[in-house]
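# Reading the structure
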Amino acid sequence: MAEVIGTYFVVFAGCGSVAVNKIYGSVTFPGVCVTWGLIVMVMIYSLRRISGAHFNPAVTITLAIFRRFSYKEVNFLLL
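First things first, this report covers the structure right here in the doc. The structure displayed is predicted, hence computed values, not measured ones.

Secondary structure summary: the protein contains three helices and zero strands in total. Starting at the N terminus and ending at the C terminus, the protein contains elements arranged as α-α-α. Its C-alpha atoms give the protein principal-axis dimensions of about 45 × 20 × 20 Å. Here the protein holds 79 residues, and the buried ones make up 23% of them. Element-wise, carbon and sulfur atoms account for 71% of the exposed surface of the protein, whose accessible area totals about 5700 Å².

This brings us to the packing of aromatic side chains. Any pair of aromatic rings gets described here by the distance separating the centres and the angle formed by the planes. For the structure shown, the criterion picks out two aromatic pairs. When the ring of Tyr8 is compared with that of Phe9, the centres are 5.3 Å apart and the planes differ by 75°; the resulting orientation is edge-to-face. What makes Phe9 partly exposed here is its relative accessible area of 36%. Judged by centre distance (5.6 Å) and plane angle (15°), the rings of Tyr8 and Phe12 are stacked. On the criterion of helical spacing, the pair formed by Tyr8 and Phe12 is a turn pair, its members being four residues apart in helix 1 (residues 2-24). Taken together, the ring pairs in this structure connect Tyr8, Phe9 and Phe12 into an aromatic cluster.

Rules used in this analysis
Residues numbered from 1 in each chain as written. Predicted model: local features only at pLDDT ≥ 70, side-chain atom pairs only at ≥ 80, totals over all residues. Heavy atoms only, no water. Helix = DSSP H or I, 4+ residues; strand = E, 2+ residues; numbered from the N terminus. Buried < 20%, exposed > 50% of the residue type's maximum accessible area, 1.4 Å probe, protein only. Areas by Shrake-Rupley, 256 points an atom, 1.4 Å probe, with all protein chains shown as cover. Phe/Tyr/Trp six-rings, centres within 6.5 Å; stacked < 30°, edge-to-face > 60°.

Listed below in structure tokens is the structure:
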């Protein structure tokens with residue numbers, strides 16, 4: 001669940017900043033870059049203890065398949 005929340009906020013904030021820049025032109029390219037970097041940093045600091053700070057379900061599934069991540073910690077709804 002932490003991966004879903006983290007991925008949602010990363011995509012929402014990052015793509016939102018791109019959309020605001022496209023519509024209003026007030027964010028600029030460096031602002032979009034800073035937004036993506038800051039939201040990734042915030043999600044890592046807030047969810048690192050829960051999900052190991054990776055927000056891609058493909059990473060979790062791959063780590064579980066190659067036995068680098070316990071199946072107990074994987075949400076079986078993803079598999």
